[in-house]
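Summary of the model geometry
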Amino acid sequence: MSYRNAKEINAMARLKIAFAASPVPLAQQAFAALSATHGNVPQADADVIVALGGDGFMLQTLHATQKLSVPVYGMNRGTVGFLMNEFHADDLAKRLAEAVEEVINPLVMNALTVDGQMHEALAINEVSLLRAGPQAARLRISVDGKERMKELVCDGALVATPAGSTAYNYSAHGPILPIGSDVLALTAMAAFRPRRWRGALLPKRAVVRFDVIDSAKRPVMADADGKSVRNVVSVEIRSDPSVRHRILFDPGHGLEERLIREQFA
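A brief structural summary. (Residues numbered from 1 in each chain as written. Predicted model: local features only at pLDDT ≥ 70, side-chain atom pairs only at ≥ 80, totals over all residues. Heavy atoms only, no water.)

1. As for the layout of surface pockets
Volume-wise, the largest pocket comes out at about 190 Å³. Forming the boundary of the largest pocket are 13 residues, of which Met84, Asn85, Glu86, His253 and Arg258 lie nearest the centre. Considering only residue class, the lining of the largest pocket consists of three nonpolar, five polar and five charged. A volume near 150 Å³ is recorded for the second largest pocket. Along the wall of the second largest pocket there are 13 residues; nearest its centre are Ile104, Asn105, Pro162, Gly180 and Lys204. In the lining of the second largest pocket, the residues fall into six nonpolar, five polar and two charged. (1 Å grid on protein atoms, 1.4 Å probe; cavity = no way out; pocket = protein on both sides within 12 Å on 5 of 7 lines; lining within 4 Å. Points joined across faces, edges and corners; volume = space filled by probe spheres on them. Nonpolar A, V, L, I, M, F, W, Y, C, P; charged D, E, K, R; others polar.)

Structure below.
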């Protein structure tokens with residue numbers, strides 16, 4: 001989505017905007033100033049949502065508004081701000097008019113715990129499994145129902161989307177994935193055996209399953225964008241194309257450009 005001519009810019013200036021802000025003082029100050037200038041409608045009535053904070057708050061906003069099908073434009077009032085645009089208070093209408101839309105699909109996690117309960121959660125960045133005790137985790141990995149690794153001994157493993165590939169995945173030495181690519185990254189964290197295994201690239205349609213070996217002695221937790229489930233025995237992860245997160249970026253500063261730029265930093 002891109003709004004270019006003066007007529008469209010004028011129309012964007014009359015957009016119904018819902019502002020959301022993280023609790024940090026810098027974000028709250030911006031929220032007060034922008035709401036006074038542009039008004040602030042309920043999110044259910046908005047044409048666009050403006051999120052003020054950092055990447056964590058942006059993820060919260062996307063999860064909270066995923067059923068509204070409303071685009072979200074973030075302005076950085078946090079730290080890293082990979083999913084955010086730069087903060088400027090005086091030209092918001094023009095920037096919204098010229099914004100370019102990116103659409104991303106989350107992962108869905110189904111985690112089975114030792115007590116037989118199934119927990120479902122969505123993740124925009126990644127689903128990760130982490131050891132929850134002093135000993136390394138032992139994981140069996142299957143892809144589309146076929147066992148691919150009998151045993152991975154590690155601190156953890158994750159499956160990341162292209163949008164999330166520069167986050168935890170990159171810190172764990174996983175690859176940066178081009179936005180829009182139909183690929184997921186499967187990355188190990190501190191792999192002990194196989195010691196040199198660096199992970200795998202999988203089709204976006206793939207269904208990845210982790211089975212925890214000896215879960216009583218070596219407990220494992222699963223996490224989907226901050227929603228944690230402890231004492232898991234198996235975790236299944238797949239992309240969910242039915243959920244579409246619409247994110248707005250300033251021209252020339254979208255996710256594709258940011259992903260390329262990150263690789264040369």
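The discussion continues.
2. Some words on the nonpolar core
Residues Met109, Leu139, Phe210 and Val235 are the most contacted members of the largest nonpolar core, which totals 32 residues. With four residues, strand E8 (residues 137–143) is the largest single contributor of residues to this core. Core analysis: the second largest hydrophobic core is formed by 23 residues, Met58, Val72, Phe82 and Leu83 among them. (Core = buried A, V, L, I, M, F, W, Y, C linked by side-chain atoms within 4.5 Å. Buried < 20%, exposed > 50% of the residue type's maximum accessible area, 1.4 Å probe, protein only. Helix = DSSP H or I, 4+ residues; strand = E, 2+ residues; numbered from the N terminus.)

3. Looking at empty space enclosed by the protein
Across all of its chains, the model carries one cavity of 30 Å³ or more by this definition. When its volume is computed, the largest cavity comes out at roughly 60 Å³. Along the walls of the largest cavity sit Leu62, Thr65, Gln66, Ser69, Val70, Val72, Arg244, His245 and Arg246, which together make up its complete lining. For the lining of the largest cavity, the class distribution of residues is three nonpolar, four polar and two charged.

4. As for the sheet that holds strand E4 (residues 100–104)
Read from one edge of the open sheet, five strands run E1-E2-E3-E17-E4, paired in mixed fashion. Because the sheet does not close on itself, it has two edges, and the strands there are strand E1 (17–21) and E4. Geometrically, the sheet is characterised by an average inter-axis angle of 30 degrees between neighbouring strands, direction not taken into account. Judged from the five bridges that link them, E4 and strand E17 (residues 245–249) form a sheet pairing that is antiparallel. By the bridge assignment for E17, Glu102 is matched with Ile247. (Pairing = 2+ DSSP bridges. Axes fitted to C-alpha atoms, helices over the stretch in contact; angles between N-to-C directions.)

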